[in-house]
Amino acid sequence: MKMKFEVNKALLSMKTHYFLWNAGTGPVTPYLSTYSRQLGFSSTVVGVIYTILPLSGMIAKPIAGAIADRFHCQKYFFLFTQLLTAAAFMSILYSPKIGVRETADFSCTRQNVSFQNVEGVTINSEVFDSIHKQNIDINCQLTCPLSSNDLEVLCVDWQLSQYCGNNTTNETTFTAQVPLNQTQLVKSIMVFKVANITKENRVFSPQCNTRNITSRCTVQCKHEDVDNLLENNQIEDERAYRTYQFWVFLVLMVIGWVGQAINVSISDAICFEMLGDKPNRYGYQRMYGALGWGILTLIAGILVDVTSVGKTYKDYTICFYLGGSFLIVDFLTSCRLKYAQTKLSSNITRDIGKLLVNIRVLVFLIWCVAVGMCTGLMWNFFLWLVEDMGNARKDPRVQTLKGILMGVQCLGGELPFFFLSGKILKKIGHVNAMSLVLFTLGVRFILYSVIENPWWFIPIECSNGLTYGVFYACMASYASIIAPIGTETTMQGMVGAVFEGVGASLGSLCGGYAIGSVNGTLTFRYFGFAALGICVLHVMVQWLLKSADGSSPVMDKKHTFAKVRLEDQKELTSIGPLISR
């Protein structure tokens, strides 16, 4: 009874870590993509950022894992990355916003007068529909720098005598009446038609017969949707990359991401080491992370809506403070974790290298890339999609909905499936679980693309138990079991690097460009069809491999979580003599 209490006490430390770590990252990580939008970055720029982040993790994870295995310092990396992530989160909160105003390109011709958002950022079709359906006229104040030739048009065509004979460039302010139901979407540019202009207490229909006028003007419409649209699209992507704000934000994001990436891989390696010959209990430990993430994301979403009442932008301050606080508590409790690495490898590079030439291991890594691409899109642009759809429906509870969706993902999906992951993997085997994950991702993404009301996403989020809970348990346990002795941390780092560094980065890059080119709905639909196609391909490849050597896949059914004994190694001939447990 006493020994049982000691074992439970050791595992309690890991349960506590998983809960506190995810309670610290949960209020911040899911909202960083939409927070970056408020800093002035487009979906394309955010996609580039979220391409760089997993690449940085891909480099950091195996390097940190190899160093930790070589010098037996997992716990030091484990503790340091908790503080590093907390510091990065708090710094991101104070990352400078791009200091720009609402800007538009004003155009006056013989046929019409209009202004449009600055070219370079694609307008989301859902946002356009929301504005176009409003049957009201708004007044927008435009301040435009005009040349002497432009001022001549104001003198002759607009009959404004104060501009006659003015041969210098002048900044002119006037008020434009804009009927929103006459706005147009032309090649991803939103064009606002000007019906009348008010200048010097005169109201008139403008025309430019003498010559055309084009000018980049600052605009203030006192209409939240229009002002936010113009502000979000006023800086071209090329200019964004040249601003110091972009580089400050990117560096802080990289630091935070690297901290999280290293901590996750090392904590999993520590967990499997503490579990010993019972890796099937990994899900029981990891489900506490889902619990922490689910509770805090739900609370954070509600608090953001509450604290943002009456503000132009959503206030995410509470998220960063919650995240930083839980990570500090995690560090303090993890300092008491009793753990020491006992397994050593004489040559880590040689042992890992032999694994990488095995066809089944390569198929496993390719599967990690495919799921990583879908996960990258989900992590970085799902809430972006929800926000666009909610704003298009004029829903004031968008942030609350985000919190509910994150909560259901964890509490209704990950939590029960992490708990059941051991039994699921033992029942159907790792290989079949891999195919199931891809199939579920495909169906899930297609459903996002056909449902118009984002509140109906809530029941779909329970599928996150399969697409992340079962997936992560499958990936981590597979990597742990095939890892040669003494390379566990390196192997977890390498698999995590492939999943995030290759898969998630590609998903972020492709997703960002796709959303910029079409929209969020079609992007998720295309990814869904791709996931179903890869699922079919994966099933075929595994069947061919099984037929070729006549043996069951390495992690199938009864040997899924069995500690590999000497007499069991005939079941593992496809991996070879590298695995010695």
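One can find the structure itself at the top, above this paragraph.
Residues numbered from 1 in each chain as written. Predicted model: local features only at pLDDT ≥ 70, side-chain atom pairs only at ≥ 80, totals over all residues. Heavy atoms only, no water.

### Topic: empty space enclosed by the protein
Empty space left among the atoms is revealed by rolling a probe the size of a water molecule over them.
Right, so step 1: Per the counting criterion, the structure on display carries 5 cavities of 30 Å³ or more.
Right, so step 2: The computed volume of the largest cavity comes to approximately 680 Å³.
Right, so step 3: Thr29, Arg286, Trp293, Trp379 and Tyr468 are, among the 35 residues lining the largest cavity, the residues nearest its centre.
Right, so step 4: For the lining of the largest cavity, the secondary structure elements donating two or more residues are helix H1 (2-25), helix H9 (244-275), helix H10 (282-307), helix H13 (359-392), helix H14 (398-450), helix H16 (464-482) and helix H17 (488-517). (1 Å grid on protein atoms, 1.4 Å probe; cavity = no way out; pocket = protein on both sides within 12 Å on 5 of 7 lines; lining within 4 Å. Points joined across faces, edges and corners; volume = space filled by probe spheres on them. Helix = DSSP H or I, 4+ residues; strand = E, 2+ residues; numbered from the N terminus.)

### Details of the packing of aromatic side chains
Right, so step 1: Summed over all chains, the structure comprises 28 aromatic pairs.
Right, so step 2: Taking 5.8 Å as the distance between ring centres and 85° as the angle between the ring planes, the aromatic pair formed by Tyr35 and Tyr316 counts as edge-to-face. Residue Tyr35 is located in helix H2 (residues 32-38), and its partner Tyr316 is located in the loop between H10 and helix H11 (317-334); the two are separated by 281 residues in the primary sequence. Taken individually, Tyr35 and Tyr316 each receive the classification buried, so the pair is uniform in this respect.
Right, so step 3: Ring geometry for Phe382 versus Phe457: centroids 5.9 Å apart, planes at 35°, classification tilted. Of this pair, Phe382 sits in helix H13 while Phe457 sits in helix H15 (residues 457-460), and the two are 75 residues apart along the sequence. (Phe/Tyr/Trp six-rings, centres within 6.5 Å; stacked < 30°, edge-to-face > 60°. Buried < 20%, exposed > 50% of the residue type's maximum accessible area, 1.4 Å probe, protein only.)

### Some details on the pattern of salt bridges
Right, so step 1: Counted according to the given criterion, the structure contains 4 salt bridges.
Right, so step 2: A salt bridge links Lys402 to Glu387; its shortest N-O distance comes to 2.7 Å. With Lys402 in helix H14 and Glu387 in helix H13, the pair connects residues that are 15 residues apart, well separated along the chain.
Right, so step 3: Of the residues examined, Lys402 reaches a relative accessible area of 0% and is grouped as buried.
Right, so step 4: Where Glu461 meets Arg444, a salt bridge forms, and the shortest distance between an N and an O atom there is 2.9 Å. Residue Glu461 is found in the loop between H15 and H16, and its partner Arg444 is found in helix H14; the two are separated by 17 residues along the sequence. (Salt bridge = Lys/Arg side-chain N within 4 Å of Asp/Glu carboxyl O.)

### Some words on the nonpolar core
The nonpolar side chains of a soluble globular protein tend to be buried with one another.
Right, so step 1: Ranked by size, the top nonpolar core spans 108 residues in total, and within it Trp367 and Phe382 carry the most contacts.
Right, so step 2: In terms of residues, this core owes the most to one element, H13, which gives 18 residues.
Right, so step 3: Residue contacts for Phe382: discarding those within four places in its chain leaves Leu377, Leu405, Met406, Gln409, Tyr448, Phe457, Glu461 and Phe524.
Right, so step 4: Core analysis: the second largest hydrophobic core is formed by 35 residues, Val113, Phe174, Ile197 and Cys221 among them. (Core = buried A, V, L, I, M, F, W, Y, C linked by side-chain atoms within 4.5 Å. Contact = heavy atoms within 4.5 Å.)

### Describing the sheet that holds strand E7 (residues 196-199)
Right, so step 1: Strand order across the open sheet formed by 9 strands is E5-E6-E2-E1-E9-E3-E4-E7-E8, with antiparallel pairing between neighbours. Two strands in the sheet have a free side with no partner beyond their single neighbour: strand E5 (184-186) and strand E8 (202-204). Pairs of neighbouring strands in the sheet enclose a mean axial angle of 35°, with direction left out of account.
Right, so step 2: In this fold helix H6 (residues 148-156) packs onto strand E3 (137-146), strand E4 (170-179) and strand E9 (213-220), with an angle of close to 135° to the strand it touches most, E3. (Pairing = 2+ DSSP bridges. Axes fitted to C-alpha atoms, helices over the stretch in contact; angles between N-to-C directions.)

### With respect to helix H3 (residues 43-71)
Right, so step 1: Taking 1.5 Å of rise per residue, the 29 residues of H3 would be expected to cover 42 Å, and the 42 Å separating its terminal C-alpha atoms lies within 8% of that figure.
Right, so step 2: Where H3 ends, the next residue or the one after it, His72, has phi of about 55°, a positive value. (Expected span 1.5 Å × (residues − 1).)

### As for the packing of H13 against H14
Right, so step 1: At their nearest, the axes of H13 and H14 sit 10 Å apart, and the two run at 160° to each other. Classified by the angle their axes make, H13 and H14 are roughly antiparallel. Taken as a pair, H13 and H14 cross one another with a handedness that is right-handed.
Right, so step 2: Per-class residue counts for the contact of H13 with H14 are 21 nonpolar, 4 polar and 3 charged. (Parallel < 35°, antiparallel > 145°, perpendicular 65-115°, else oblique. Left-handed = near helix turned anticlockwise from the far one by under 90°. Nonpolar A, V, L, I, M, F, W, Y, C, P; charged D, E, K, R; others polar.)

### So, the side chain of Gln542
Right, so step 1: Its location among the elements puts Gln542 in helix H18 (residues 520-549).
Right, so step 2: Take Gln542: its relative accessible area is 9%, and that puts it in the buried class.
Right, so step 3: Not counting residues up to four positions away in its chain, the partners in contact with Gln542 are Arg360, Val363 and Val431.

### Regarding the pairing of E3
Right, so step 1: Where E3 meets E4, 10 bridges bridge the pair, whose relative direction is antiparallel. Of the residues in E4, the one forming a bridge with Asn139 is Gln177.
Right, so step 2: Where E3 meets E9, 3 bridges bridge the pair, whose relative direction is antiparallel. Each residue of the ladder has a partner; that of Leu142, found in E9, is Val219.

### So, the state of the cysteines
Right, so step 1: A complete count under the given rule lists 4 disulfides for this structure.
Right, so step 2: Covalent S-S linkage joins Cys108 and Cys208, the inter-sulfur distance amounting to 1.8 Å. In this structure the cystine formed by Cys108 and Cys208 twists about its S-S bond by roughly 105°; its chirality is therefore right-handed. Of this pair, Cys108 sits in strand E1 (residues 103-108) while Cys208 sits in the loop between E8 and E9, and the two are 100 residues apart along the sequence.
Right, so step 3: Of the residues examined, Cys108 reaches a relative accessible area of 0% and is grouped as buried.
Right, so step 4: Note on Cys208: relative accessible area 1%, which makes it buried.
Right, so step 5: Paired through a disulfide, Cys155 and Cys164 show a sulfur-sulfur distance of 1.9 Å. With the S-S bond torsion at 90°, the cross-link from Cys155 to Cys164 turns out right-handed.
Right, so step 6: By relative accessible area, which is 18% here, Cys155 ends up buried.
Right, so step 7: Of note for the chain: the bonded cysteines, numbered N- to C-terminal, pair according to 1-6, 2-8, 3-7, 4-5. (Disulfide = S-S within 2.5 Å.)

### A few points about a nonpolar patch on the surface
Right, so step 1: On the surface, Leu436, Phe439, Val443, Leu447 and Val450 cluster together into a nonpolar patch covering about 380 Å² of accessible area.
Right, so step 2: Mapped onto the secondary structure, Leu436 falls in helix H14. (Patch = residues over 30% accessible without salt bridge, like charges linked within 9 Å, V, L, I, M, F, W, Y side chains within 5 Å. Areas by Shrake-Rupley, 256 points an atom, 1.4 Å probe, with all protein chains shown as cover.)

### A few points about H6
Right, so step 1: Looking at H6, one finds that the buried residues are Asp150, Leu151, Val153, Leu154 and Cys155.
Right, so step 2: Its buried side turned inward, H6 meets E3, E4 and E9.

None of this, on its own, says anything about what the molecule does.
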